[in-house]
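These are the residues of each chain, in order.
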Amino acid sequence: MDYLNVMKSALYYGGIGIAGFVGVAFPTLLMIAKVADWINDPHFQEVEMKPDWPPTTERNWLHNPDPVKPAFAPKQSRRQKREEREAAATVITEPIIPGPTIRVVQYNILADVHAALLPPRILKQRFPFRSRYSLTWSFRRQLLIKEMKDYDADVMLLADVDHFDDLQSAFGELGYDGIFCKRPTTADGCAIFYKRDKMQVETQQVLSFQDPSAHPNTNVALILILKLHSGDRFHAIATQFDVSENPNELRAQAVTLLQSITLGLPIIMSVPYS
């Protein structure tokens, strides 16, 4: 047996083992010692959990950001975060101006011409993380109706509407009446739904801003004056605009829209740009 080769191999593999210990175990021991020193630091020991953490309705960190959060705040669930956002959005419970209050919801519900009816290649570009079925109206319809039912709004301003008859039937069962304003050149448009037991339409006006022969997507606006059963009146305006047009034309259309509004009445207006 070649004892010289055996000794060389032992020294070689022994050196590898020592290097591995120095490269892995030794830094680990140093890190443990560092953590021990950090825990023994008097500044670390002074950190205490706040007695009112997690946030409660009486003391919400979103509304009072001055106090310093504890060093180790518990992770919040999605439900807790959603409840905090809803609480932040409903801080003001009293109207700024005395008078009746109404709840308004605005949605762009995505017309089929911009979703499920698109060619597969364009559909993949616009909605890379959505299946084709999830964009079909039969799938989105139930989600939309459930969402609106949960909001229980007094007025709904909708854009990209191309199934108005279907929505009118579904929302009619929930106590809504609706009016639809269709684009002259496409199947979609805007719509306004309102609770029939709280208000009624006093006047309505439709604005079409372009010549359909010159513009493929005609911008439109639906202007209603709704009268509450208490006698109060206000404007409810839904629009459908295409931002790809000339900015000067859009400004001129906005001026025309504002000139069509009755002065002295409150205004609720949605301007979804698509």
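**Student:** What's the story with the overall build of the protein chain in this structure? I'm lost.
**Tutor:** Of regular secondary structure, the protein chain possesses 7 helices and 8 strands. By residue count, 31% of the 274 residues in the protein chain fall in the buried class. Relative to all contacts within the protein chain whose residues are 6 or more apart in sequence, the contacts with residues 24 or more apart total 61%. Of the accessible surface of the protein chain, which amounts to about 18,200 Å², a share of 59% is contributed by carbon and sulfur atoms.

**Student:** Can you help me understand a nonpolar patch on the surface in this one?
**Tutor:** On the surface, Leu258, Ile267, Met269 and Val271 cluster together into a nonpolar patch covering about 330 Å² of accessible area. In this fold, Ile267 is placed in strand β8 (residues 267-270).

**Student:** How do you make sense of the confidence of the model for the protein chain when you look at a structure like this?
**Tutor:** For any part of a model where pLDDT is low, the fine detail of the predicted coordinates should not be relied upon. Scored by pLDDT, the protein chain comes out at a mean of 76, with 64% of its residues at no less than 70. Per-residue pLDDT stays below 50 along residues 44-72; that stretch engages in 36 contacts with residues further than four places along the chain or on separate chains.

**Student:** Just to check I follow, could you spell out the pairing of strand β7 (residues 233-240) for this structure?
**Tutor:** Residues in a regular strand project their side chains so that they alternate between the two faces of the sheet. The buried count for β7 comes to 7 of 8 residues, which makes it a mostly enclosed element. Pairing geometry for strand β6 (residues 220-228) and β7, over 8 bridges, is antiparallel. Directly across from Ala221, in β7, lies its bridge partner Thr239. Joining the antiparallel neighbours β6 and β7 is a turn of 4 residues, in which Gly231 adopts a positive phi near 105°.

**Student:** I would appreciate a short explanation of the environment of Leu224 in the present structure.
**Tutor:** Position of Leu224 among the secondary structure elements: in strand β6. Along the primary structure Leu224 and Val201 are separated by 23 residues, whereas in three dimensions their C-alpha atoms are 6.8 Å apart. Not counting chain neighbours up to four residues away, the residues in contact with Leu224 comprise Ile179, Ile192, Val201, Thr203, Gln204, Phe234, His235 and Ala236.

**Student:** Can you walk me through the packing of aromatic side chains in this structure?
**Tutor:** One pass over the structure, following the stated rule, counts 7 aromatic pairs. Look at Phe164 and Phe180: their rings are 5.1 Å apart centre to centre, the planes differ by 15°, and that puts the pair in the stacked class. Linking Phe164 in helix α6 (residues 164-172) with Phe180 in strand β3 (residues 176-182), this pair joins segments that are 16 residues apart in sequence. The class for Phe164 is buried, based on a relative accessible area of 11%. Linked through ring pairs, Phe164, Phe171, Tyr176, Phe180 and Phe193 together constitute an aromatic cluster.

**Student:** Explain the environment of Pro266 to me, please; I cannot follow it from the model alone.
**Tutor:** Turning to its location among the elements, Pro266 is positioned in the loop between α7 (247-259) and β8. Taking the C-alpha atoms as reference, Pro266 lies 4.9 Å from Phe234; in sequence the two are 32 residues apart.

Cut-off values and rules
- Counting restarts for each chain: residues are numbered from 1 in the order of the written sequence.
- Restriction of local features to residues with pLDDT of at least 70 applies here, the model being predicted, together with a cutoff of 80 or more for giving and counting side-chain atom pairs; totals for whole chains, interfaces and linings are based on all residues.
- Working from all heavy atoms in the structure, the side-chain values ignore hydrogens and water.
- Every helix listed is a DSSP run of H or I at least four residues long, and every strand listed is a run of E at least two residues long, numbered separately from the N terminus.
- A simple rule labels every residue: compare its accessible area, found with a 1.4 Å probe on the protein chains alone, to the largest value its type can have, and call it buried under 20%, exposed over 50%, or partly exposed in between.
- Any two residues whose heavy atoms approach within 4.5 Å are treated as being in contact.
- Only the protein chains shown count as cover for residues, and the accessible areas themselves come from Shrake-Rupley with a 1.4 Å probe.
- Candidates for patches are residues over 30% relative accessible area with no salt bridge; among them, like charges are joined within 9 Å and nonpolar side chains (Val, Leu, Ile, Met, Phe, Trp, Tyr) within 5 Å.
- Only one rule defines a salt bridge in this text: a Lys or Arg side-chain nitrogen within 4 Å of an Asp or Glu carboxyl oxygen.
- Every residue carries a pLDDT, the predictor's confidence in it, which falls somewhere between 0 and 100.
- Strand pairing is assigned whenever DSSP identifies at least 2 bridges connecting the two strands.
- Here a Phe, Tyr or Trp ring, Trp counted by its six-membered ring, pairs with any other such ring whose centre lies within 6.5 Å, and the pair is stacked when the planes are under 30 degrees apart, edge-to-face when over 60, and tilted otherwise.

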